[in-house]
Structure formats: structure tokens, C-alpha cells
Amino acid sequence: MKSAQLFVQKGYGAVTVNEVCAAAKVSKGSLYHHFDSKDELFLYIVEADTVQWLQEWEVKQQGIADIEQRFYALAEHYANDFQNPLIRALEEFSRSKEHADEITERLSQLYDMSLQAFRSLLSEGIAAGYLLDGSLEDYVIIVCGLMEGVGKVSELSLLTKQPMDIQRYHREAIRLLLLGLRAGPEK
């Protein structure tokens, strides 16, 4: 989608509706027929990207029976998407201004969609007795915060040279996390 590329290349705030219309080869009237605003169009693009990310994760995890290996696979899947420029545009968008309540709600739902992969895997780990019993929502915030923080710090670090480095840091973060969360005598 050419509109998505435009947001990625220039950043959300630098893109005008005229540029979106030119890139998509549609009139303003046509754009506004489908979307109430540039914000609506942008959220639509990000929501579609998030759904695609979740679908890709579902396919990846299908072939992995071992729960620990799925944690590592999810960390890698997360790391691979961490440098997605659309995510950077979303961060810019969400911080750029005060949003109407309905936009804030959609941003919250969008973020919750991205947490669903971790929520599902953590829930399964707790139910199977693989992870210590605890607050699922606390675990979700902690694990997602860890993944987000590892990505940001590794990206800003001079030690990180390639996406493989970010993947390695995410895998190591999951290894250390599982050492602390894993239930049973193996601890």
C-alpha cells in the first residue's frame, strides 16, 4: 500500500493528505469517503499490519510443540518486527498530540492486539504448570516491557550492528526471564 510507504518514509507528522492522495492515486473526496481523516487512514494501515503480524505468528507457532521453544520463537518474531518503520510512525503518532477519545481507544485496542501473542503463550505456560502461577496481566506487561526495552536499548547501543544482534538480545532476555519464571525443581 503506497500510503503506508509514505508514512514509513516521512513519518506520520510530515505526511499531508495531499501527499497520501497522490501516492494512492485517489482524490481527496475518495479518501474522505472511506476515512474520516488522515488519522483514521493511518490507524487502518497499522491495524492491518498488526493483524498480519499476528497471523504470521500463528503460522510460525503451529510447528513448534515445545512451549519454551515457542517463547524463543516469539521473541525472535518480535525482534524481527521491532525495526518495522510503521511502528516508529505509530509511536510518533501516539505522542504527537492529544487525541480524541475514540482514537485513544483504538490505540489502546491496537496495543492490546499486539500483546495477545504474549498473553496467549503466558496463559498456556501458567495453565500447563511450566511457569509459576501468577497474575497473567502482570506477566504480560513485564514480558512485553522487557521485549520493548531490550529492543530500544539494543537499537541505541553501539554494540548492535545488525537485526541479528537484536534477535540475540531478545533470545537472551527470554532465556533469563524463563529462568526466573519457570516452575518446578529445574530452577
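Preceding this section is the structure that the text describes.
1. Here we look at the pattern of salt bridges
Here the structure, examined in full by the defined rule, presents eleven salt bridges. The partner of Arg182 in a salt bridge is Glu68, and the shortest N-O contact between them spans 3.3 Å. Separated by 114 residues along the polypeptide, Arg182 in the segment after helix H9 (163–181) and Glu68 in helix H5 (residues 67–82) bring together distant segments of the chain. Residues participating in the shared-partner salt-bridge network are Glu40, Glu47 and Arg106.

2. Notes on the packing of helix H6 (residues 85–96) against helix H7 (residues 101–127)
Running from amino to carboxyl end, H6 crosses H7 at an angle of 145 degrees, the nearest separation of the two axes being 11 Å. Considering how the two elements wind past one another, H6 and H7 form a crossing that is left-handed. Of H7, the residues touching H6 (which contributes Leu90, Phe93 and Ser94) are Ile103, Leu107 and Leu110. In terms of residue class, the contact of H6 with H7 is built from five nonpolar, one polar and no charged.

3. Some thoughts on the side chain of Thr50
Within the fold, Thr50 resides in helix H4 (residues 38–62). According to the relative accessible area criterion, Thr50 is buried, its value standing at 11%.

4. Some thoughts on the packing of aromatic side chains
Following the criterion strictly, the structure yields four aromatic pairs and no others. Relative to Phe118, the ring of Tyr78 has its centre 5.7 Å away and its plane inclined at 70 degrees; by these criteria the two rings are edge-to-face. Of this pair, Tyr78 sits in helix H5 while Phe118 sits in helix H7, and the two are 40 residues apart along the sequence. Comparing Tyr78 with Phe118 shows no difference in burial state: the two are buried. The rings of Trp53, Tyr78 and Phe118 are connected pair by pair, giving a single aromatic cluster. For the cation-ring pair, Arg168 lies above Tyr169, with the distance from its terminal atom to the ring centre recorded as 4.8 Å.

5. Topic: empty space enclosed by the protein
As enumerated under the stated definition, the model contains one cavity of 30 Å³ or more in all. Taken as a whole, the largest cavity spans an internal volume of roughly 30 Å³. Around the largest cavity, the lining residues are Phe82, Ile87, Arg88, Glu91 and Lys152. It is H6 that provides the largest number of residues to the lining of the largest cavity, a total of three residues. Residue classes in the lining of the largest cavity are distributed as two nonpolar, no polar and three charged.

The rules behind these values
- Residues numbered from 1 in each chain as written.
- Predicted model: local features only at pLDDT ≥ 70, side-chain atom pairs only at ≥ 80, totals over all residues.
- Heavy atoms only, no water.
- Salt bridge = Lys/Arg side-chain N within 4 Å of Asp/Glu carboxyl O.
- Helix = DSSP H or I, 4+ residues; strand = E, 2+ residues; numbered from the N terminus.
- Axes fitted to C-alpha atoms, helices over the stretch in contact; angles between N-to-C directions.
- Left-handed = near helix turned anticlockwise from the far one by under 90°.
- Contact = heavy atoms within 4.5 Å.
- Nonpolar A, V, L, I, M, F, W, Y, C, P; charged D, E, K, R; others polar.
- Buried < 20%, exposed > 50% of the residue type's maximum accessible area, 1.4 Å probe, protein only.
- Phe/Tyr/Trp six-rings, centres within 6.5 Å; stacked < 30°, edge-to-face > 60°.
- Lys NZ or Arg CZ within 6 Å of the ring centre and 35° of its normal.
- 1 Å grid on protein atoms, 1.4 Å probe; cavity = no way out; pocket = protein on both sides within 12 Å on 5 of 7 lines; lining within 4 Å.
- Points joined across faces, edges and corners; volume = space filled by probe spheres on them.

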